[in-house]
Amino acid sequence: MAHDALFHAKTMGLNTVFTDHSLFGFADVSSVLTNKLLTVTLCDTNHTVCVSYTSKENTVLRATLNPEIVSVIPNAVDPTDFTPDPSQRQDDRITIVVISRLVYRKGIDLLGGIIPELCLKHPDLHFLIGGEGPKRIVLEEVREKYQLHDRVRLLGALEHKDVRGVLVQGHIFLNTSLTEAFCMAIVEGASCGLQVVSTRVGGIPEVLPEDLITLCEPTVRSLCAGLETVIARQRSGSVPSPYSIHACVQNLYTWRNVAERTEKVYDRVSREEVLPLHRRLRRLRSHCGPVAGSIFAFSAVLDFLFLLLLQWLVPDRVMDVAVDATGPHGLWRQEQSGEAGGTKQAAESDIS
Amino acid sequence: MEDEAFTDINGKAISLDCHSHSGFCREFTVSSPKVSVGKVMVYTCCVWLLAYTVFFFTQNTAVLSSAILITLVGMMFHIHFVKVDHESLLVIGSLGIQVSSCYASGRETTTFIEMSKIKDIVINEAIYMHQIIYYLCVLLKDPAEPKAVSSVVPLFQSSKPRLNCLVKVYKSCQEILSKC
């Protein structure tokens, strides 16, 4: 649907920005076709935003983009929402929390291999697994086979508001994804003061500093070794306190920072020009290859004719333009403090 | 007292009448265009032609009489329940506001909202079918809980005036509401 919206926006003469959140492959037929579609969509998009440098590399290669027009703006986490609470933990045992969709992509098969090995070696180890998905059956089988009903808890699908409550019950956060552009979950786990163990894939090495995360190869043996080191550290008590970890993460990623950077991108894009139809057709045909380029150039022409029809049916002058949300003379900008009195007076003066 | 050229969201002309009864009592009436005779004729002719074509093939006179009945009943239903002639908003400072709709047949529906229940009158945006429109609405509050908005009552729902008309009504209402 994003591709659809971008296509129509360019026909209407609006500046466009595309944000990519995931990594995709190059190998199989479906990937080749999807990448071609992406090339067509992004060839005349003004700017692209990716969530990590790995994601930028992936998107640039997939869509043959100019790297100058790709910005990296990572996601953030709300530190007031994800605060640590060591009182919720049970100190007679070590709890490992996993919260993810239970699908192949998230490495649930690896988790199924880690659980029996570690539970055998450490009698006080417990697993708390939140999330739903088709791979839940793998975990249930493992639990049945090794009789770990009291040590492995499967919580099922969690509401967003319940995630923090589950995270603070653990000592260690485990992420076993096989591919990830930017992992929000590990930032949330670290914000709640947990030790993070994760696979070294995609953009994960860029997310947290070395002292807050333990990275492993995406194999059962490497993950077990990594977890063993963290468990030993936890037992000896040489881990930093949850509050210090939270304080560190709080300054790393803030939504204000993300908003400022995104605003800079939008300000830059709003000054650029949009390609008119003939230049757009020429760019599609030259950049995207003979076959795909011609097909989409034809669609662009059809889209333009459709736009003319719609403009005749529902004329532009009938629609109200969006009111400037900063208010008359920028009265409602964030820097200003007075709210109720200011808005009433602002409403009195002429808005249009 | 003014009557500039306002339109509704579909581009049809409407008229706004602002009447100031006293310093703290104002009435705003938005009038929609009347039922057009041309449209009625076109609909009636289409239905009757269709009925005649069916009669031509089936030779059943019940089709013709039922078409006449349907047209009559349909027209009566439309002007009594669907077609709004004008909608008015009466604001009386420190007493309340009265919202009334007058239909083409003369039927009138009225609602009164007392001032203790009114939090504010604001212009809000909404997604209506395939477009985003501005509408004027009353924010209601529960007198026991003055900070929370309990419900929203949209105004001028049938005439749906555009932003320039709404801004005029809004400014006038706010003058009265801010005094009480």
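What you see is a predicted model; the values in this text were computed from it and never measured.

As for the overall build of chain A
Turning to step 1, where the next piece is worked out: Scanning chain A for helices and strands turns up 13 helices and nine strands.
Turning to step 2, where the next piece is worked out: Counting over 352 residues, chain A shows a buried share of 45%.
Turning to step 3, where the next piece is worked out: Put simply, 71% of the contacts in chain A that link residues at least 6 apart link residues at least 24 apart.
Turning to step 4, where the next piece is worked out: Only carbon and sulfur atoms are counted for the fraction: they give 57% of the accessible area of chain A, which is about 18,900 Å².

Describing helix α1 (residues 37-58) of chain B
Residues and elements named next belong to chain B.
Turning to step 1, where the next piece is worked out: Over its 22 residues, α1 extends 31 Å from the first C-alpha to the last, a length consistent with the 32 Å expected when each residue adds 1.5 Å.
Turning to step 2, where the next piece is worked out: Turning to α1, its buried residues are Thr44, Ala51 and Phe55. Down the axis of α1, the smallest arc covering the buried residues is 45 degrees, so these residues share one side. Projecting away from the buried face of α1 at angles above 90 degrees are the exposed residues Lys39, Val42, Leu49, Leu50, Phe56 and Phe57.

Here's the deal with the UniProt feature "transmembrane region" (unreviewed entry) in chain A
Turning to step 1, where the next piece is worked out: UniProt tags residues 288-314 of chain A as "transmembrane region" (unreviewed entry).
Turning to step 2, where the next piece is worked out: A distance of 34 Å separates the end C-alpha atoms of residues 288-314 of chain A, which is 89% helix and 0% strand.

A closer look at the sheet that holds strand β9 (residues 151-154) of chain B
Sheets are built from strands that pair by backbone hydrogen bonding, the pairs being arranged parallel or antiparallel.
Residue and element names in this part refer to chain B.
Turning to step 1, where the next piece is worked out: Strand order in this open sheet of three strands is β7-β8-β9, and the pairing throughout is antiparallel. Each having just a single partner strand, β7 (118-128) and β9 make up the two edges of the open sheet. Taken over all neighbouring pairs, the strand axes of this sheet differ in orientation by 40 degrees on average, direction set aside.
Turning to step 2, where the next piece is worked out: Where β7 meets strand β8 (residues 131-140), 10 bridges bridge the pair, whose relative direction is antiparallel. Counted as the bridge partner of Ile121 is Val138 from β8.
Turning to step 3, where the next piece is worked out: Strand contacts of helix α3 (residues 163-179): β7 and β8, with the helix running at about 165 degrees to β7, the strand carrying the most contacts.

A word on the packing of aromatic side chains
Turning to step 1, where the next piece is worked out: This structure, assessed with the given rule, holds four aromatic pairs over all chains.
Turning to step 2, where the next piece is worked out: Consider the rings of Tyr52 of chain B and Phe55 of chain B, whose centres lie 5.9 Å apart with planes at 45 degrees: the pair is tilted. Placement of the pair is Tyr52 of chain B and Phe55 of chain B together in helix α1, with a separation of three residues, close to one helical turn.
Turning to step 3, where the next piece is worked out: Note on Phe55 of chain B: relative accessible area 15%, which makes it buried.
Turning to step 4, where the next piece is worked out: Here the basic side chain of Arg280 of chain A rests over the ring of Phe7 of chain A, its NZ or CZ set 5.1 Å away from the ring centre.
Turning to step 5, where the next piece is worked out: A cation over a ring is seen here: Arg107 of chain B above Tyr103 of chain B, with NZ or CZ 4.3 Å from the ring centre.

Side note on the nonpolar core
Turning to step 1, where the next piece is worked out: Core analysis: the largest hydrophobic core is formed by 36 residues, its most contacted members being Val97, Leu167, Ile186, Val187 and Leu208 of chain A.
Turning to step 2, where the next piece is worked out: Those elements that place two or more of their residues in this core are β4 (94-99), α6 (163-167), α7 (184-191), α9 (242-252) and α10 (255-270) of chain A.
Turning to step 3, where the next piece is worked out: Two domains each donate at least three residues to this core, and these are domain 1 (1-75 + 256-313) and domain 2 (79-252) of chain A.
Turning to step 4, where the next piece is worked out: Counting 29 residues, the second largest nonpolar core, distinct from the first, contains Phe6, Ile121, Leu166 and Val169 of chain B.

Rules of the game
Residues numbered from 1 in each chain as written. Chains lettered and ligands numbered in written order. Predicted model: local features only at pLDDT ≥ 70, side-chain atom pairs only at ≥ 80, totals over all residues. Heavy atoms only, no water. Helix = DSSP H or I, 4+ residues; strand = E, 2+ residues; numbered from the N terminus. Buried < 20%, exposed > 50% of the residue type's maximum accessible area, 1.4 Å probe, protein only. Contact = heavy atoms within 4.5 Å. Areas by Shrake-Rupley, 256 points an atom, 1.4 Å probe, with all protein chains shown as cover. Expected span 1.5 Å × (residues − 1). Arc of directions from axis to C-beta. UniProt positions renumbered as here; feature names shortened; annotations may be inferred. Pairing = 2+ DSSP bridges. Axes fitted to C-alpha atoms, helices over the stretch in contact; angles between N-to-C directions. Phe/Tyr/Trp six-rings, centres within 6.5 Å; stacked < 30°, edge-to-face > 60°. Lys NZ or Arg CZ within 6 Å of the ring centre and 35° of its normal. Core = buried A, V, L, I, M, F, W, Y, C linked by side-chain atoms within 4.5 Å. Domains from an automatic or database assignment.

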